[in-house]
Amino acid sequence: MPELPEVETIRRDLTSRILNKTLNEISVLHKNFLTKSKISLTELLTLKGKKLLSLERKGKYLFLNFEEKTLIFHLGLTGALILDLHPIPENLKKHHLLTMTFEQNTLHYIDIRKFGKIYLIDSLKISFFLNRIGPDALQIEFEKFRELLQKHNLKIKTLLLNQRLISGLGNIYTDEVLFRAKINPERLSNTLSEEEIKSLYEIMKSLLKEAILLRGSSVKNYVDGEGKRGKFQERHLVYGKKGRPCPECGTPLQYKKINQRGTVFCPNCQK
DNA sequence: ACATGCGCCTGAGTGC
DNA sequence: TGCACTCAGGCGCATG
């Protein structure tokens, strides 16, 4: 669900409200949540009394850096981190998994499909975790990006979705980026020309930045740290629009499963 | 190296 | 209205 722009929006929202505050209380409202995350309650409770020193993001992962420890969130498909949501809407109560109270603010973790996960890591060992995630799509340098595409023989869509290779893009942004770059999602990454790589790189970055300015895409459940919807879905050109005319040439947009992921593209514009 | 299928969850939508 | 089925923003794992 939350891809790079959404996680970045949440990071900024939380930073403005709870940075440098002390975590006073944690309550786990759903035991399986910790079991799945492989964290014991005792371990989690060691965060109590610690100050939140910074909030960082790499790809779709959000890092809450406390004194000595880092709590990492991956929001899966439907995870939401919302501050001071009260009352909790009736239909969300059974998906409310965790609350963390930072002085006067309470952060709620709500996750309908429960694909989200948390990790608790000793700050000294954080680089091990970071190294398993590919370079962030907004940070990666052009030369690295080109090298990445050239050394793999993967469909470009598959490559962009692989978080170990490049992190932050999910199904929505991948389809939107490839459409704007006029590249067919099934093109093998090592067959792209220098021009195409350059255009893909530039479009990927500018699209992500634009989506952050619009506070992300709310297709179904996504809301930001204040519980509000994003606006970038209004600028989607292909995602969720199979069969509709291509905004460039009018050809019906085609739908196909690539890598088990629904993919929408224009068979005429995307070569 | 790369592709494919499954499982983890819940809710919304469709067709009968 | 009920039921069966498909689909959905992700990812890890097993198999070929």
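- Per an unreviewed UniProt entry, the recorded name for chain A is Formamidopyrimidine-DNA glycosylase, and the organism is Caldimicrobium thiodismutans.
- UniProt annotates chain A under Sequence similarities (unreviewed entry) with the comment "Belongs to the FPG family."
- Recorded in UniProt under Subunit (unreviewed entry), the annotation for chain A is "Monomer."

**Overview of the packing of helix α5 (residues 142-151) against helix α8 (residues 194-213)**
The axes of two packed helices give the description: the angle between them and the distance between them.
Move 1: Put simply, α5 and α8 touch, their axes get as near as 10 Å, and they point 120 degrees apart. Relative to α8, α5 is oriented oblique. Relative to α8, α5 is oriented so that their crossing is right-handed. Where α5 approaches α8, its residues F142, F145, R146, L149 and Q150 are matched on the opposing element by E194, I197, K198, L200, Y201 and M204.

**Examining the UniProt feature "domain: Formamidopyrimidine-DNA glycosylase catalytic" (unreviewed entry) in chain A**
Move 1: In this structure's numbering, the residues bearing the UniProt feature "domain: Formamidopyrimidine-DNA glycosylase catalytic" (unreviewed entry) are residues 2-116.
Move 2: Secondary structure over residues 2-116 splits into 23% helix and 38% strand, and the C-alpha atoms at its two ends are 10 Å apart.

**Some words on the side chain of E3**
Move 1: Turning to its location among the elements, E3 is positioned in the segment before α1 (4-18).
Move 2: Of the side chains with opposite charge, K60 comes closest to the buried, unpaired E3, at an N-O distance of 5.6 Å.
Move 3: For E3, the side chain forms a polar contact with the main-chain nitrogen of G170, separated by 2.6 Å.
Move 4: There is a polar contact of 3.3 Å between the side chain of E3 and the backbone nitrogen of Y173.

**Structural notes on the sheet that holds strand β8 (residues 117-122)**
Move 1: Ordered by their spatial adjacency, 4 strands build an open sheet running β2-β3-β4-β8, and the pairing between neighbours is antiparallel. Strand pairing shows two members of the sheet lacking a second neighbour, β2 (52-58) and β8, which therefore form its edges. Sheet twist, expressed as the mean angle between neighbouring strand axes with direction ignored, is 20 degrees.
Move 2: As paired elements, strand β3 (residues 61-66) and strand β4 (residues 69-74) share 5 bridges and run antiparallel to each other. Bridge pairing in β4 places N65 opposite T70.
Move 3: Here α1 sits on the sheet and contacts β2 and β3; the angle it forms with β2, its principal contact strand, is near 170 degrees.

**As for the state of the cysteines**
Move 1: For the structure shown, the criterion picks out 0 disulfides.
Move 2: Looking at the unpaired C269, the closest cysteine sulfur is the one in C266, lying at 3.7 Å.

**What about the domain arrangement of chain A?**
Move 1: You can read the domains of chain A as domain 1 (4-131) and domain 2 (142-265).
Move 2: The interface formed by domain 1 and domain 2 includes 2 salt bridges.
Move 3: D13 serves as the salt-bridge partner of R215, at 2.7 Å between the closest nitrogen and oxygen.
Move 4: Secondary-structure elements contributing two or more residues to the side of domain 1 that touches domain 2 are α1 and β5 (79-83).
Move 5: The element contributing the most residues to the side of domain 1 that touches domain 2 is α1, with 9 residues.
Move 6: Partitioning the side of domain 1 that touches domain 2 into residue classes produces 8 nonpolar, 3 polar and 7 charged.

What counts, and at which threshold
Residue numbers run consecutively from 1 along every chain, following the written order of its sequence. As they are written, the chains are lettered A onward and the ligands numbered 1 onward, keeping that order. A pLDDT threshold of at least 70 governs which residues receive local features in this predicted model, and a stricter bar of 80 or more applies before side-chain atom pairs are shown or counted, although totals over entire chains, interfaces and linings include all residues. By convention in this description, side-chain values take in all heavy atoms of the structure and omit both hydrogens and water. UniProt positions are given in the numbering used here, feature names are shortened, and annotations may be inferred rather than shown by experiment. Axis angles are defined between N-to-C directions and span 0 to 180 degrees, where every axis is a line fitted to C-alpha atoms and, for a helix, only to the segment in contact. To qualify as a helix, a DSSP run of H or I must reach at least 4 residues; to qualify as a strand, a run of E must reach at least 2; elements of each kind are numbered from the N terminus. Roughly parallel refers to an angle under 35 degrees, roughly antiparallel to one over 145, roughly perpendicular to one between 65 and 115, and oblique to any angle outside these ranges. In this scheme the crossing of two helices becomes right-handed for a clockwise turn of the near helix relative to the far one and left-handed for an anticlockwise turn of less than a right angle. Working rule for contacts: check all heavy atoms of both residues, and any pair within 4.5 Å makes them a contact. Three exposure classes are used, based on accessible area relative to the maximum for each residue type with a 1.4 Å probe and protein chains only: buried under 20%, partly exposed in between, and exposed over 50%. His residues and chain termini do not enter the charge count, which takes Lys and Arg as positive and Asp and Glu as negative. Criterion for a salt bridge: a side-chain nitrogen of Lys or Arg within 4 Å of a carboxyl oxygen of Asp or Glu. Pairing of N or O atoms within 3.5 Å defines a polar contact, subject to two protein rules: one partner must be a possible hydrogen donor and the other a possible acceptor, and residues neighboring in sequence count only if both atoms are side-chain atoms. When DSSP finds two or more bridges between two strands, those strands count as paired. Only a pair of cysteine sulfur atoms within 2.5 Å qualifies as a disulfide here. All domain edges in this entry derive from an automatic or database-based domain assignment. Only Asp, Glu, Lys and Arg are considered charged, only Ala, Val, Leu, Ile, Met, Phe, Trp, Tyr, Cys and Pro nonpolar, and every remaining residue, Gly among them, polar.

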